[in-house]
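Listed below, chain by chain, are the residues.
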Amino acid sequence: MDIKDTARPLDGAGVSAFLRSLPAKPLLLGLGEARHFVGELGELRNEIFRHLVEHEGYRSFAIESDCLMGLVVDDYITTGAGTLDDVMERGFSHGFGASPANRELVRWMRAYNEEHDGKLRFFGFDGPLEYWAASPRQALTALYALLDGPLPCTVVTRETLDTLLGPDDRWSNEAAAMDPSQSIGQSADAQRLRLIADDLVALLDTQAPQLSAENRERAALYGRTATGLLRYHYWMADASPARWTRLSALRDAMMAANLHTVAEHGPALVFASNLHLQRNKSFMPFGDQQLEWWSAGAITGTRLGDRYAFLASALGTAGDNTPPPDTVEGILSTLPWDHSLIDARRLAEAITKPAPRISHDLAYFPLDPAQLDMIDGVVFLKQAVRLSRLG
């Protein structure tokens, strides 16, 4: 089979044809990043999303960024609250607010909502964490505030909640990422907060009928974020060999829980690292360990089945690095288009035993030739020049 028979130019018609080739219309279409902060990929993502909105009925966009900070962006694009500069500064984690493509996306979504009744929504779906984690204060206190009436005080008073939380910097200590003894996640205060968070989430169910749909959605977000953060902090304080495997799995599980809510507003385009959106298990060398856990995409695919689809991205020449001709990226570089959309399963049948690409750019994750049949499609950029490390 000629590999050109597995591919088409990446344009609006190609995206729509790809969607028609799937067994079901996806509620979530994952577009993976082979590398963060690739200018050309961000611009291409924006073009794809605009086409999906204008021609395929998509109304939501989700990105690998802090789910609570994402509320700032969603408020802006739905109501116009704040300014674009402020939103880009306060609405993104991991340095993503500095991306010109993200700024253009937010500007376009706000302009679209000003002119249309059917509003677009924006979601961050990562937890408020990286290798370390933020204080659960924002999530817990916001959930407490939404549970109106005397019942929250039967669980905990606001004053006690503030006392147990204490200063935020004792939670956000980056040194705890590598030294579990510096984490407070298994302290008496933290363990009491885990019980309180669980009781508040249970209380939310009993008060759901008196909350507006918007407040129910936000309260549920605050609840799962608070419990997720406290669980993550608990395992940061663990000194066993399972520590980093557990932390990695918990982060992707938090992502998957947020994606489950995004799917309720689907169809949606989801943009994140290939490693978070892939269907197969994730593996990562870590010191003398080999960590392995199920990605957010694998968990989401289990829940949604055919209603989840995954497009991995891949780069040909990235900066000054050109792929060897016997790698998947090298073979795809022979396609005649600058940007291509490839049927990954047909590609897996067309090429036999390609060599794995070795990347000296630690921020770039090449395609795994053995996993092509776990991908629905590949978005391939023959050349990427604008690479940065803003995060």
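Worth saying up front: this structure is predicted, and the values here are computed from it rather than measured. (Residues numbered from 1 in each chain as written. Predicted model: local features only at pLDDT ≥ 70, side-chain atom pairs only at ≥ 80, totals over all residues. Heavy atoms only, no water.)

Turning to the environment of T157, a few remarks are in order. Take T157: it is sitting in the loop between α7 (151–155) and α8 (158–165). Looking at T157, the relative accessible area reads 30%, which means it is partly exposed. Spatially, the C-alpha atom of T157 lies 9.3 Å from that of Y144, the residues being 13 residues apart in sequence. (Helix = DSSP H or I, 4+ residues; strand = E, 2+ residues; numbered from the N terminus. Buried < 20%, exposed > 50% of the residue type's maximum accessible area, 1.4 Å probe, protein only.)

Below, the discussion takes up the packing of helix α6 (residues 137–146) against helix α10 (residues 213–236). For the pair α6 and α10, interaxial distance at closest approach is 8 Å and the crossing angle is 145°. Along this stretch, α6 crosses α10, giving a crossing that reads as left-handed. Where α6 abuts α10, its residues A139, L140, A142, L143 and L146 lie against N215, R218, A219, Y222, G223, T225, A226 and L230. Here the residues of the contact of α6 with α10 sort into nine nonpolar, three polar and one charged. (Axes fitted to C-alpha atoms, helices over the stretch in contact; angles between N-to-C directions. Left-handed = near helix turned anticlockwise from the far one by under 90°. Contact = heavy atoms within 4.5 Å. Nonpolar A, V, L, I, M, F, W, Y, C, P; charged D, E, K, R; others polar.)

Attention shifts here to the pairing of strand β3 (residues 60–66). When you tally the buried positions in β3, you get seven out of seven residues, the bulk of the element. As paired strands, β3 and strand β4 (residues 121–126) are joined by five bridges and run parallel to one another. Its bridge partner being in β4, D66 is matched across the sheet by D126. In this sheet, strand β5 (residues 268–273) lies alongside β3 in parallel orientation, the contact comprising four bridges. Across the sheet, I63 pairs through a bridge with F271, a residue of β5. (Pairing = 2+ DSSP bridges.)

Its location among the elements puts R110 in helix α5 (residues 100–115). Excluding residues that lie within four positions of it along the chain, R110 makes contacts with Y76, I77, T78, T79 and G80.

This part covers the packing of aromatic side chains. The full count for this structure, using the stated rule, is nine aromatic pairs. Pairing F49 with W108 gives two aromatic rings, centres 6.2 Å apart and planes at 80°, and the pair type is edge-to-face. Placement of F49 in helix α2 (residues 39–56) and of W108 in helix α5 is noted, with a sequence separation of 59 residues between them. Of the two residues examined, F49 and W108, each falls in the buried class. Note on Y131 and W244: the rings are 6.0 Å apart at their centroids and 70° apart in plane angle, and the pair reads as edge-to-face. (Phe/Tyr/Trp six-rings, centres within 6.5 Å; stacked < 30°, edge-to-face > 60°.)

The next thing to look at is unusual backbone geometry. Note the cis peptide between G266 and P267, where omega equals 5°. Mapped onto the elements, P267 comes out in the loop between α11 (243–264) and β5. Despite not being glycine, K353 shows a phi value in the positive range, around 50°. Judged by its relative accessible area of 83%, K353 falls in the exposed class.

Ranked by internal contacts, the top residues of the largest apolar core, which has 80 residues, are L28, L29, F49, F61, V106, M109 and V378. Looking at this core, the element that brings in the most residues is strand β8 (residues 308–318), giving eight residues. When neighbours within four sequence positions are excluded, L29 is seen to be in contact with F18, L19, L52, Y58, A268, L269, V270, A309 and L311. Ranked by size, the runner-up nonpolar core spans 29 residues in total, among them C67, I196, A197 and Y222. (Core = buried A, V, L, I, M, F, W, Y, C linked by side-chain atoms within 4.5 Å.)

Neighbouring strands of a sheet are bound in pairs by backbone hydrogen bonds; such pairs are parallel or else antiparallel. Across the sheet, eight strands lie side by side as β1-β9-β10-β8-β2-β5-β3-β4; this open sheet has mixed pairing. This sheet does not close on itself; its edge strands, each paired only once, are β1 (7–9) and β4. For this sheet, the mean inter-axis angle between neighbouring strands, taken without regard to orientation, is 25°. Inspection of the sheet shows strand β2 (residues 28–33) paired to β8 by four bridges, in the parallel sense. Of the residues in β8, the one forming a bridge with G30 is F310.

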